[in-house]
Every structure is written in structure tokens, then in C-alpha cells.
Amino acid sequence: MFYRPRREVASTGARLGGAPEWNIREAHITDPSGRRVVDFANHNLHVVSYSVPVRRRMTLGELRPYLHSLPEQPDLIPYRTAYYTPAWGFCLPHSQLEAMADDTYDVVIDATLEPGSLTYGEVVIPGESDEEVLLSAHVCHPSLANDNCSGLATLAWLGRLIGQYRRRYTYRLLFAPGTIGAIAWLAANRERTARVRHGLILSNLGDGAPPLYSAAGAVMPTSTGLPTGSRPERTCRPGRRLLPYGYDERQYCSPGFDLPVGAFQRSRWGEFAAYHTSADNMSLIAPAHLAHSASLVAKILDVLEANCRPLNTLPYGEPQLGRRGVYDDAGGRPLPQDVRLALLWVLNLADGRHSLIDIAERSGIAFPALRDASKRLYAAGLLVDAPSGLQ
Amino acid sequence: MFYRPRREVASTGARLGGAPEWNIREAHITDPSGRRVVDFANHNLHVVSYSVPVRRRMTLGELRPYLHSLPEQPDLIPYRTAYYTPAWGFCLPHSQLEAMADDTYDVVIDATLEPGSLTYGEVVIPGESDEEVLLSAHVCHPSLANDNCSGLATLAWLGRLIGQYRRRYTYRLLFAPGTIGAIAWLAANRERTARVRHGLILSNLGDGAPPLYSAAGAVMPTSTGLPTGSRPERTCRPGRRLLPYGYDERQYCSPGFDLPVGAFQRSRWGEFAAYHTSADNMSLIAPAHLAHSASLVAKILDVLEANCRPLNTLPYGEPQLGRRGVYDDAGGRPLPQDVRLALLWVLNLADGRHSLIDIAERSGIAFPALRDASKRLYAAGLLVDAPSGLQ
Amino acid sequence: MFYRPRREVASTGARLGGAPEWNIREAHITDPSGRRVVDFANHNLHVVSYSVPVRRRMTLGELRPYLHSLPEQPDLIPYRTAYYTPAWGFCLPHSQLEAMADDTYDVVIDATLEPGSLTYGEVVIPGESDEEVLLSAHVCHPSLANDNCSGLATLAWLGRLIGQYRRRYTYRLLFAPGTIGAIAWLAANRERTARVRHGLILSNLGDGAPPLYSAAGAVMPTSTGLPTGSRPERTCRPGRRLLPYGYDERQYCSPGFDLPVGAFQRSRWGEFAAYHTSADNMSLIAPAHLAHSASLVAKILDVLEANCRPLNTLPYGEPQLGRRGVYDDAGGRPLPQDVRLALLWVLNLADGRHSLIDIAERSGIAFPALRDASKRLYAAGLLVDAPSGLQ
């Protein structure tokens, strides 16, 4: 029932082919003197993603509608996309845009949209059961640190950690492009989704904002320790949806699936100044925040792994705990009152219909204390796992 | 699904006979000089309704117990009834009562209680379905403006309005005496009540108080825009009863029926100074208030008509809205974020188990915005009406 | 349905034998001069309950670990037990302990643990139904006034009271040792527990603290008038458990039983200064508090007895109350508005699915007012008891 070392990890991946794939070789804007005033080689964000190919000489006036900047954040390059539309454009700091001379420019985007494939990484870490925990991060935001790499780094770290312990659940880690990657995985694995018991979308985990959990579908119970938004009564109650908007929880929670998948972030998407700009770079995120985020997820997984549905083997009145050595510590000294109370709560609700998480919700006692109490009671033979028919 | 002009109205009425009916020809109190100091010809309220016939000469001392006034509102005539009891009386301003000389008076009430009938007006405006919306106003308070005519005027206006549009629901408008009229209609239409899906009792709609909705049985959801009392958590939640007291919602919500009928008022019965007095006259009510009340009811009916239970035709991940022209306006400009959010909410909950009103309750988005979003999605083929078996 | 005098009481008791029983004849600590510095004959609390026999000469240093006192309440003797462990000890005021000379003492505990029996008192007061109300108080705390005798006194008084009235429920009064007594009774009466509809554990009822009701399992509805703890939303809602800790509600609410039994106290166990010390004596409790506690329980029982599930015999609209004399008092004067409102609430919810307690919860009207209204309606033939199939 509890974490024990074991090693058994299976890594896979997938390339789903057939649809057109966008690729870019080079892109730049060159002034009459031959100087490249904007160059994709300098920053991924300089070109609107999915731009169609361009090779034209244009006046600044002609070029102007294709140039995107942020007047209120004049030193930042914005992140823009033109998915599925035959458009093109360049992104640059507003200060740089304003300094461009009223000249004629050579504009080149050497890009292709040709039959290709969609690539995502998938790691399956099998557990004792084929019930799954799904963890996912998006890989599609070019050069963004918090809103891309922080999720990937956390997910990779978690994968290594999970592989080191014995597991009840099977863990599925997805590294996939946002929206299209989730939809592609879901389309290819429709029948497998019925096995998903819990899921977390990881993003924006490297900044210093307080951790935030929000669920579009069913959610983690509060006793997992998940931090919640400012309106906890809306964000944390099972069955409530926060928003059909955000990251890939939108897809996992769409009709037909409606999986118990929530989002775990620090700063919320769209709500931090560097969001979708060149300022979302390595200086925005810090190892300490990543480590804290990862440890929080690890704690949540620990709760999910340790959860069980105990059955009191001596019902009809309280069993005598003292005689069974459960009420005292190894040295015979009485256990603290809060430990005794946790023991009594578990025994009282161990009717086979309450899980440890249910007991945590009901009693207000933290899950780890109840887990310790139940370990002690299992060891004394006072609890067994409830048969599944009892639930 | 939405209002479209069409004309198809059926008006009916009924006279239920057999029981005794009270009628009055004249009533007055005459002083020794032959002056009629109180005369029913001057004001309907001067005689206690349902008074038995009287023709006596009485001293002021003998007459005094039969005279009703309001010492704290000395210039107003109170409204009194003696239903089903063999009593009689006169109502007059307290100032007038105090000015009566200690003389002998001729007292006449020329009334009859003989086999007759109860009359009510009923307008049925058929819709595509035989499911009904019941709207009712009482006709029995003599000469009262707010607590009688305001409901009748609003109901008549609504009847004309409803008749001008294509309707899903069948509308039944009742103009009937309070209590006995509702009971008579219910007794004559017991099997028909099973078709009533929504109902509103209309009264006190001409004064300037804020609109108030209260439900004795099941109620309208808050997203219909219905204003609620000071304790909205009590007045608006489905299944809560506010009071088995008030107007005819008492009858429609009695055991055996328990119809989803609430009351819509501005000032609440019994809580305004002019209530049940001669001050409840035309000077108390104003066309602007009547118009506002009627438009509020019209908006509610609009919500009820436009409500639907949509089914997402492309579940299993979000459909690409851009390609289907749903995410942009007619000119190709992106729709505002709140409109997009409404689209996503409707798609996400369009699983055939949620109505648009349910989606409004869940998302906190106003019904009209969701209705516009669903129109757009129906037009793009992304929604269809859910088959009834799905609910 | 309502209390009427009748006499029919059956008193029983039980001695369950077989297990070892602890008995004590004498216990003392004698100094070299022959003076008994601690003597069980002076106070029951001087010996740790369940102490094994001792007869030794010991230095103060050797004896010290066996002496228990309360340094922060230096004048009080603590109450200590050593159930089911082969330990022994003496309890004494800390001031007395500090005054003991560094001498050699003769220590004697003349106790036995031999096959014996457990004794409890049980009074069954039969009612018209074999559904039971269980009332219990513990008898095991030696010499404690509030935390032992106050419950016994209240329970005895209630037994006499209950016997004087006609009853619907059968009442079972238990005077039993805490924990082991409840478990023994439950073990001997397992099949009988299915008849328990309500239960109260009585303790700490003689002090001046405000009455407190807390439930470990299902609970009394608030309309019984039961005072509740500082978090009424936790203590009073049906189905909530407050704590699997406290008095014998722990046993009655353990898995396998989970009876609707709560605890009724004034000061809560463990939370008053005199708790489990010699200060919990007759000076702590007062007749007025005992009387108040008993009268509160009597009121609760009155509610339980008077509760019924009425059925409106004239549904489908309000019956005419005036004609049936229900709307006026005996002298023909109209009943006050709040009485009329109670009548209408009862009639409106008398659909056979709501008990009077349910109606009290829903309407916010006090139970006694609803009981009076329902009496009036039963008398007029407007209510009958609902057949059990309707519930």
C-alpha cells in the first residue's frame, strides 16, 4: 500500500502522421544597408508561428500591418500564432519597431506546410493496477520558460522519482503540443481514458507565485494538500468546473471524456506580466520554485498512492487498543492525544465505505497523520482492505 | 427555439355555477336630516364584502360595532370582508366616524346571497408543445389599484405580447377571484395541472418598490433574471418554500398539486401603507412601473422559451472553432474574449444533460450571452437538440 | 400522540460474569511514625484504579515514581486509572507530596483481580411501540460529582418522569460503567440495537456552563431545542460526526452499530478545571443546573413523542378553515397571525412525507407552535397520521 523501491519503467513516444506540418528554416527583415533588423535566428518569437512563406520587398508602410509589438511593454517581443490561417507576421519590441526607418525592406520567411507528423513523448510507468494517473505538460511554446519548460522540467523530474518507488497506480506522462497534442493523444487512446483516475496538467511552475490548483472537471480532494485559488469553495469541490478554458484540461474534460483532470500552476495563465512574451525566460523562473512545485506534486501522488478503503476487523464497539500495543509507542509511553484521535477516527469510519481521503475530509485531520494511524492499525490486524463489493 | 412572429390565440372563459353568489344593489347610512353620511354608491369599500342584508333604524351606539375604520390612518377607508359568515358592516374614514353625531340612523344594505356563479377569464395561447406556462392575476379586490388592477393590466399586456410571437410553450392566462377562483380552476382542471412547467402569480406591480420574486413551491432559476427578496438563498433555490401564505401560489402549491408557481410583486402584500385601503388607488401606481414589471416578466418568458438542452455534435476534444467561423465575427475579426468563453462553456456542458439555464447557473454567465453563443453553435452544426432520452 | 398519564415501568439489571473484576479493601502509605500519610479510606481517588496488590517498604526515592499529583493544581487529587495493565500508584495533592519527608514508608494496596462480574442497571419503560429511546449515564468515576453523579441523578429523575406519562416510544435507561459497560450492553443486545431511534448520553449536567449537544453519529434535529456547540453547522446537522471521542457515544456509534446517539453535557469533558480531580465534588454542581438540564431533556423527549407524520385529508387547495372553526379561537375571535401561519405551514407540508420535525426545520417555526397547530387540525379532521407506505 505504501511506497517501496522497485524499478520498472517503460518509455514510449509517438509520431502521428498525415496532416500538414509547419517547419521554418529562416526568416528575417533586411534594411537597404543589408542589415537584418529582425532575424528569427536571434529569437524564436520573432516570427508568428505557422506563418506562410514570404519573399517580398516592401516599404515600411506596406510591412507595418505584419509587425506585432507591445506598446505598453516596449522592450518585449510578443508571442503570436496564426494556426490554420494563411497569414504571416513578425514580432518585435515596440521600441525597435518605432526606430525602424521609413525605408524599403527585404522580407523573407522560408517556411513549409507539408505532409508531416505530430510528435509527442509518452512515458508509461506501470504500477500494480492498470488504473492510471495522467500527468501532462505542453511542449509547444517556443523559447518560453515558465509557460513551457517549467512544466517539462517538473514532469521529467517526477518521472524519475515515480520510477524509483513501488506503485499501485500506472503513471502516464505526456509531453505534447498544447490542444492539438492532447486531442491527438485522446483520439488515439479513447478506450484507454476510462482507466484514468486522476490527472494533472503542469505549467507555470517556476515562478514565485503561490501554487494554484483549478479543476475543469472532477478534482482532487482538498486533503491531498492541493493549494487552491482565492475562491476555494469553487475551485476545490468535487464536481465543480472552474473554467472550460486554460491548458489541456479543456480537452481532457470535454464532453465524451470529462476526465478527473485539473491544472496545477503557480501564476495563472494570462495573469502574469511576462505571459506570452520574451520576458518569460530563464530569469523568470528559479530552481527553488521548481523544486517546491515538484515536491508538492510528489506529495499529492503520495496521498493518491497511500489512499485505501479500510475495514475495521473488530467492529461493534472500540477494540482495546492498549492491549494490542496500538495506543503506546515502542517504548510503552502513551502516544500523543492527536495520534490517538487519528486512530479513533480511522477505526470509527473504517466501515468499508470511506477511503482514507474521505476520512481526512470528514475529520479535518491531515492525511499523513491518518496514514500513520492506519499503518499502525493494519499492523495490529485491526484493519484490512475492504472488499470492493462494499463500496 | 427563439421567438418568431405568429398569431394563434384562443380566448375562453368560464362561469361555474351552483353555489350562492353575493350581489349588492345599494347600501347607505342616513342621518335624521336625510343625508346619506355613508353611501356604497360613493365607494365600493364602504360595505364589508359579503354583508348580509340589513334594514334597520339604529342609534349610533347600536351601530358603532358595525363601523370599521383605521384610527392610525384616519382619512382612509379600510377594505374588509366577511366571507362565509352571516355578518355585515360598513367601512369609513376614522375622521368621518368621529364626526358622526349621537343620533339615530337608517341603515340599509340591499344585498343578496343566492344561487349564482363564479366567473373567471381564461386565455389560452397555444404553443408548439402542450407544456404550459401559467400566469394569473386576481380580480376580486374592489376598487384597489395596485393589489388588483396592476396585475390585470400587466397580464392583459403580456397576453397581447405573447400572442404576437411563435411559442414553444402553451400559455394559460387566468383572471380570477383570489383563493376561490384558483381553487375553482384547479378543481375543474385537475388533470391539466400536470402540464404546468412554470407559473407566476402577478400582483402589486404598479408601485415603485424593487421587484420581488418569492416562491412557495419550486421556483424559477436565478438565471431567468428574476429579482429576489432580501434573503436570496431562501427565495431562489429550487425546492425551497418561502411561505404557504400570500396570493394564489398558496393554492397552486398545496399538497396534491405542488406546482412550480411563484409570486411576482413589487411591494409585498401586507407591507405597504396603502395595502387594503382606499389609498391603494390610481395615484399609487404609475405607467412606468407597470411597463417595467411587464418587461421583466417578458424577459423571463423569453428565457423560458429560449431554454434548450443542447448536445455537442463533435465531442471528444474541442472542435476547431476558427475554421468553422464561430470564433470570429462576420468581418473575420476575433470575437471578444467573453463571447469566446461563453462558446466554450456551452460546448463543454453540451452533453445533453444540461439545459442552457443549467449552464448559466454553473458558469455564472448571463443567459442572453449563452443564448447568443448557442445560436452561433447551432448554426455551425456544432449543437443539436439533445434527444429526450439523454436527460 | 401526546403525553397522557399512565404507569407501566419495568426495571431490570444485569451482572455479566466471567472476566476478572477488580476489588480493593484498603490502601495506604504509612510513615516511620505510624501515621498514614495517604489513605484510601479518606478519598477514593487516592489509589490508581485497577492497581495490582502491593505490600512493600520503600524509600521516598523508590516510591516517588508511583505518586501522581498536579503541580499546577497543588491542592487537588488527580483521578488516574491503569486499566488492563499490571501497574499501581497513589494520587495525592502536590502540596502534600512536596511535604513528605525523605523517609522510609510502608506501602500497602490490598486489592484483588479475580473472576467476577460487571454490574449495570437497566430500566425499561415500555411504550406503545417497541421503537426505543436510549438514555445512558456512566457509573464508574469514583467520587466524581459532575462527571458521574450528575448524569445518574438526571437519568433517575427522567426515569420517574417518563414513567408517569403515556408513551409512544419504549425508553431504555442504562446506568453502566463507561466504555466497558456500553460495550457489554451492546454485545448482549446486538439485535435489539436496531430498535434504537434516538439516544442521549448524559454527563456533566450539574455545572453552570451553557448546555451543549454533540453527536458522533446521527443527531437530533435542531428543532428539538437541543443547544449546540460553538460550531452549530458541524454539531447539529444530521449525518455529521463531531468526534469519535468523548463518552459512550463512541461505542454506540462504532462501525456495525452507528446508532443515532449523541452526547448532552454542560461543561465538555476535559475542558473544565475540576475535570478528573477531587475538585469535581458536590460544591461544583447545583440543584438548579441539574433541574434545568433535566427539563431540557424532558422537552426533547416531548418533541420526540409528539412528532408525527401528518397527511392532509383535504388536499388540492386550502380547506376553508374559518368554517371548520380552526381559524378562530373558542370565543370566535380570530387567532393571531403566527398561529394561522403555523396552521398553513402544517397543511401545506402535510403530504405524508414530512414529519412535524421536518416541518419545523423547513418553516423555522418552533416545534411547540406546530404541535399546537397540528392538534387543532387533527381535531377538525383535516389531518390524519400518514400510512407508513407513504414516507
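Note that the structure is predicted; figures quoted are calculated from it, not measured.

What about the overall build of chain A?
Helices and strands together make up the secondary structure of chain A, namely 10 helices and 13 strands. In chain A, buried positions account for 52% of the 391 residues. Contacts in chain A between residues far apart in sequence, at least 24 positions, make up 77% of those at least 6 positions apart. For chain A, the exposed area adds up to about 16,900 Å²; of that, 52% sits on carbon and sulfur atoms.

Structural notes on the pattern of salt bridges
All names here are of chain C. Counted by the stated rule, this structure contains 42 salt bridges over all chains. R36 is the salt-bridge partner of E26, the closest N and O atoms lying 3.9 Å from each other. Taken together, the residues span a long stretch of sequence, with E26 in strand β1 (residues 10-30) and R36 in strand β2 (residues 36-39) at a distance of 10 residues. Given the relative accessible area of 33%, E26 is considered partly exposed. Judged by its relative accessible area of 42%, R36 falls in the partly exposed class.

Considering the packing of helix α3 (residues 145-163) of chain B against helix α7 (residues 287-306) of chain B
Residues and elements named next belong to chain B. Packing of α3 against α7 leaves a shortest axis separation of 10 Å and a crossing angle of 45 degrees. Looking at the two axes, α3 sits oblique to α7. Handedness of the crossing formed by α3 with α7: right-handed. Taking contact as the criterion, the partners of S150, T154, W157, L158, L161 and I162 in α3 are, on α7, L290, A294, V297, A298 and L301. Among the residues forming the contact of α3 with α7, the class breakdown is 9 nonpolar, 2 polar and no charged.

Description of a nonpolar patch on the surface
On the surface, a nonpolar cluster with roughly 280 Å² of combined accessible area is contributed by A:Y83, A:Y84 and A:I180. Summarising the element assignment, A:Y84 is placed in the loop between β4 (67-68) and β5 (90-91).

Examining the environment of B:R376
All names here are of chain B. For R376, the location among the structural elements is in helix α10 (residues 367-379). Separated by 12 residues in sequence, R376 and S388 place their C-alpha atoms 22 Å apart. Excluding anything up to four places from it in sequence, R376 contacts V326, D328, L335 and L343.

Thoughts on the packing of aromatic side chains
Evaluated as defined, the whole model comprises 21 aromatic pairs over all chains. Arranged with centres 5.6 Å apart and planes meeting at 85 degrees, the rings of B:Y50 and B:Y83 form a pair that is edge-to-face. Here the residue B:Y50 occupies a position in the loop between β2 (36-39) and β3 (54-59), and B:Y83 occupies one in the loop between β4 (67-68) and β5 (90-91), the gap between them amounting to 33 residues. For B:Y50, a relative accessible area of 14% translates into the label buried. When its relative accessible area of 39% is taken as the criterion, B:Y83 is described as partly exposed. Relative to C:Y316, the ring of B:F257 has its centre 4.8 Å away and its plane inclined at 70 degrees; by these criteria the two rings are edge-to-face. Of this pair, B:F257 sits in the loop between α6 (249-252) and β11 (261-265) while C:Y316 sits in the loop between β12 (310-312) and α8 (337-349), on two different chains. Here the basic side chain of C:R168 rests over the ring of C:Y169, its NZ or CZ set 4.9 Å away from the ring centre.

Considerations on the environment of C:R35
All names here are of chain C. You can see R35 is positioned in the loop between β1 and β2. Remark: the alpha-carbon pair of R35 and Y105, spanning 70 residues in sequence, is separated by 9.9 Å. Residues in contact with R35, not counting those within four places in the same chain, are I29 and T30.

Things to note about unusual backbone geometry
Not every positive phi belongs to a glycine, and B:T179 is a case in point at roughly 60 degrees. Inspection of the secondary structure puts B:T179 in the loop between β8 (170-176) and α4 (180-188).

Considering the pairing of strand β7 (residues 132-138) of chain A
Residue and element names in this part refer to chain A. Most of β7 is tucked away: 7 of the 7 residues are buried. Going residue by residue along β7, you find E132, L134, S136 and H138 tucked away on one face and V133, L135 and A137 tucked away on the opposite face as well. The pairing of β7 with strand β8 (residues 170-176) spans 7 bridges and is classified as parallel. If you follow V133 over to β8, its bridge partner there is Y171. The parallel pair β7 and β8 is bridged by helix α3 (residues 145-163), and the resulting crossover is right-handed. In this structure, β7 lies alongside strand β9 (residues 196-202), joined through 5 bridges in parallel fashion. Of the residues in β9, the one forming a bridge with L135 is L200.

Here's the deal with the side chain of C:S267
Counting through the fold element by element, C:S267 comes out in the loop between β11 (261-265) and α7 (287-306). A polar contact is formed between the side chain of C:S267 and the side chain of C:D207, at a distance of 2.9 Å.

Remarks on the packing of helix α8 (residues 337-349) of chain A against helix α9 (residues 356-363) of chain A
When two helices pack together, their arrangement is given by the angle between the helix axes and by the axis-to-axis distance. All names here are of chain A. Taken N-terminus to C-terminus, the directions of α8 and α9 make an angle of 120 degrees; their axes are 10 Å apart at the nearest point. Considering their axes alone, α8 and α9 lie oblique with respect to each other. For the element pair α8 and α9, the recorded crossing hand is right-handed. Between α8 and α9, the residues in contact are W345, V346 and L349 and L356, I359, R362 and S363, respectively. Within the contact of α8 with α9, the residues separate by chemical class into 5 nonpolar, 1 polar and 1 charged.

What to know about the confidence of the model for chain A
Residues and elements named next belong to chain A. Confidence along chain A averages 86 in pLDDT terms, with 87% of residues attaining 70 or more. Note on residues 1-9: pLDDT under 50 across the span, and 37 contacts to partners over four residues away in sequence or across chains. Considering only residues more than four positions removed or in separate chains, one finds that residues 227-242, a stretch of pLDDT under 50, has 48 contacts. Across the predicted assembly, pTM comes out at 0.78 and ipTM at 0.78.

Here is what the cut-offs are and how they apply
Residues numbered from 1 in each chain as written. Chains lettered and ligands numbered in written order. Predicted model: local features only at pLDDT ≥ 70, side-chain atom pairs only at ≥ 80, totals over all residues. Heavy atoms only, no water. Helix = DSSP H or I, 4+ residues; strand = E, 2+ residues; numbered from the N terminus. Buried < 20%, exposed > 50% of the residue type's maximum accessible area, 1.4 Å probe, protein only. Contact = heavy atoms within 4.5 Å. Areas by Shrake-Rupley, 256 points an atom, 1.4 Å probe, with all protein chains shown as cover. Salt bridge = Lys/Arg side-chain N within 4 Å of Asp/Glu carboxyl O. Axes fitted to C-alpha atoms, helices over the stretch in contact; angles between N-to-C directions. Parallel < 35°, antiparallel > 145°, perpendicular 65-115°, else oblique. Left-handed = near helix turned anticlockwise from the far one by under 90°. Nonpolar A, V, L, I, M, F, W, Y, C, P; charged D, E, K, R; others polar. Patch = residues over 30% accessible without salt bridge, like charges linked within 9 Å, V, L, I, M, F, W, Y side chains within 5 Å. Phe/Tyr/Trp six-rings, centres within 6.5 Å; stacked < 30°, edge-to-face > 60°. Lys NZ or Arg CZ within 6 Å of the ring centre and 35° of its normal. Pairing = 2+ DSSP bridges. Right-handed = clockwise from strand over helix to strand, strands pointing away. Polar contact = N/O pair within 3.5 Å; in protein donor to acceptor, adjacent residues only side chain to side chain. pLDDT = per-residue confidence, 0-100.

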